Amino acid sequence: MELFDTATVLARVLTTGVVMSIEKSDRELPGLERLLTKQTGRARAVLVNSRTAAVHAALAGQGIGHGDTIALSEPDAATGRFLDWLGVGVEEQGRAAYDYVSLDSANADRLGELTRTATAPALVVDLTGLGFGPAAAVLTDDDAVWARAERLKIFGAYDLRTMWTQEEADASLVPGVQFNYRLSPLVAACVRMALTQAARPATPTGARS
């Protein structure tokens, strides 16, 4: 990652004054959402601030919670502990509740390829390995899954305004337990920059004498 590019992105976001919350005027989070849906072919994206938040959102989006069991082949230790905390059991047989991809600088240009065969109702993409802090996304084609996952991340609301007024509250969508899983626009901007640069064809450097 070129330092000049990173500095340009940081300056752009800091100038807007929207750096730590989801505001109507923010453009960085929607920009990353559009990029991820385009690269994965999924209709909807939910951005969150950690891998475990994405796993939680993927499950909550499907109405999966305490006392339920999901199919998940050999989860890593950290995921296993988190699922235990959620009270969700794991079995190896059956349709997976979500597919999982972890991106870093070595495979950031292959997101479409890595997710092409994903068939679960939700796709969890861990963006932390790109180097800008914890970040992840849930991708889905199901509007109901998206709506529930979106509401989980910001205290049961769609944005800060409805968080305080609850004027858009819907009992079928608002989770019983609500979290602050919001992703910073600053991190979103840097992640989008990294994914955009990774997708560009390599520039020839010319012959050496």
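Before reading on, note that the structure itself is shown above.
Described below are features of the structure shown in this document. Worth saying up front: this structure is predicted, and the values here are computed from it rather than measured. (Residues numbered from 1 in each chain as written. Predicted model: local features only at pLDDT ≥ 70, side-chain atom pairs only at ≥ 80, totals over all residues. Heavy atoms only, no water.)

### Comments concerning the nonpolar core
The test is simple: Working definition of a nonpolar core: buried Ala, Val, Leu, Ile, Met, Phe, Trp, Tyr and Cys residues. They are joined through side-chain atoms within 4.5 Å. The buried label applies to any residue whose accessible area, calculated with a 1.4 Å probe on protein chains only, is under 20% of its type's maximum; exposed applies above 50%, and partly exposed to all values in between. A run of H or I in DSSP counts as a helix once it spans at least four residues, and a run of E counts as a strand once it spans at least two, with each numbered from the N terminus. Any two residues whose heavy atoms approach within 4.5 Å at even a single point are treated as in contact.
Among the nonpolar cores identified, the biggest contains 28 residues, and Leu-59, Ile-70, Leu-83 and Tyr-98 are the most heavily contacted of them. The element contributing the most residues to this core is helix H3 (residues 51-61), with seven residues. Discounting residues that sit within four places of it in the chain, Leu-83 has contacts with Val-55, Leu-59, Ile-70, Leu-72, Val-88 and Val-90. Val-101, Leu-103, Ala-108 and Leu-195 belong to the second-largest nonpolar core, a separate cluster that totals 24 residues.

### Things to note about the packing of H3 against helix H6 (residues 143-152)
The criterion, for reference: The convention used is that axes are lines fitted to C-alpha atoms, helices contributing only their stretch in contact, and that angles between N-to-C directions extend from 0 to 180 degrees. In what follows, roughly perpendicular refers to angles from 65 to 115 degrees, roughly parallel to angles under 35, roughly antiparallel to angles over 145, and oblique to any angle outside these ranges. Note on convention: near helix rotated counterclockwise from far helix by under a right angle means a left-handed crossing. Clockwise means right-handed. By the convention adopted, Pro, Cys, Tyr, Trp, Phe, Met, Ile, Leu, Val and Ala count as nonpolar, Lys, Arg, Asp and Glu as charged, and the other residues, Gly among them, as polar.
Orientation of H3 relative to H6, taken along the N-to-C sense of each, is 130 degrees, at an axis distance of 7 Å. Looking at the two axes, H3 sits oblique to H6. H3 and H6 meet at a crossing whose hand is right-handed. Counting all contacts with H3, which are made through His-56, Ala-57, Ala-60 and Gly-61, the residues of H6 involved are Ala-144, Val-145, Arg-148, Ala-149 and Leu-152. Of the residues belonging to the contact of H3 with H6, the class tally is six nonpolar, two polar and one charged.

### Digging into the pattern of salt bridges
Inclusion rule: Think of a salt bridge as a Lys or Arg side-chain nitrogen and an Asp or Glu carboxyl oxygen that are within 4 Å of each other.
Taken as a whole, this structure holds five salt bridges when the rule is applied. Across the salt bridge formed by Glu-28 and Arg-192, the nearest N and O atoms sit 3.0 Å from each other. Taken together, the residues Glu-28 in helix H2 (residues 28-40) and Arg-192 in helix H8 (residues 185-199) connect sequence positions 164 residues apart. Assessed through its relative accessible area of 24%, Arg-192 is described here as partly exposed.

### Brief notes about the packing of aromatic side chains
To describe a pair of aromatic rings, you give the distance between the ring centres and the angle between the ring planes. Under the convention used in this document: Side-chain rings of Phe, Tyr and Trp, where Trp is taken by its six-membered ring, are said to pair if the distance between their centres is within 6.5 Å; with planes under 30 degrees apart they count as stacked, over 60 as edge-to-face, and otherwise as tilted. By definition, being over a ring means that NZ of Lys or CZ of Arg is both within 6 Å of the ring centre and within 35 degrees of the ring normal.
Applying the stated criterion across every chain, the model contains three aromatic pairs. Measuring from ring centre to ring centre gives 5.0 Å for Phe-179 and Tyr-181, while their planes differ by 10 degrees; the resulting arrangement is stacked. Residue Phe-179 shares its accessibility class with Tyr-181, and that shared class is buried. By way of ring pairs, the aromatic residues Phe-82, Trp-85, Phe-179 and Tyr-181 are connected into one cluster. We note Arg-44 situated over the ring of Trp-146; from NZ or CZ to the ring centre the distance is 4.0 Å.

Geometric descriptors of this kind do not, in isolation, establish any biological role.
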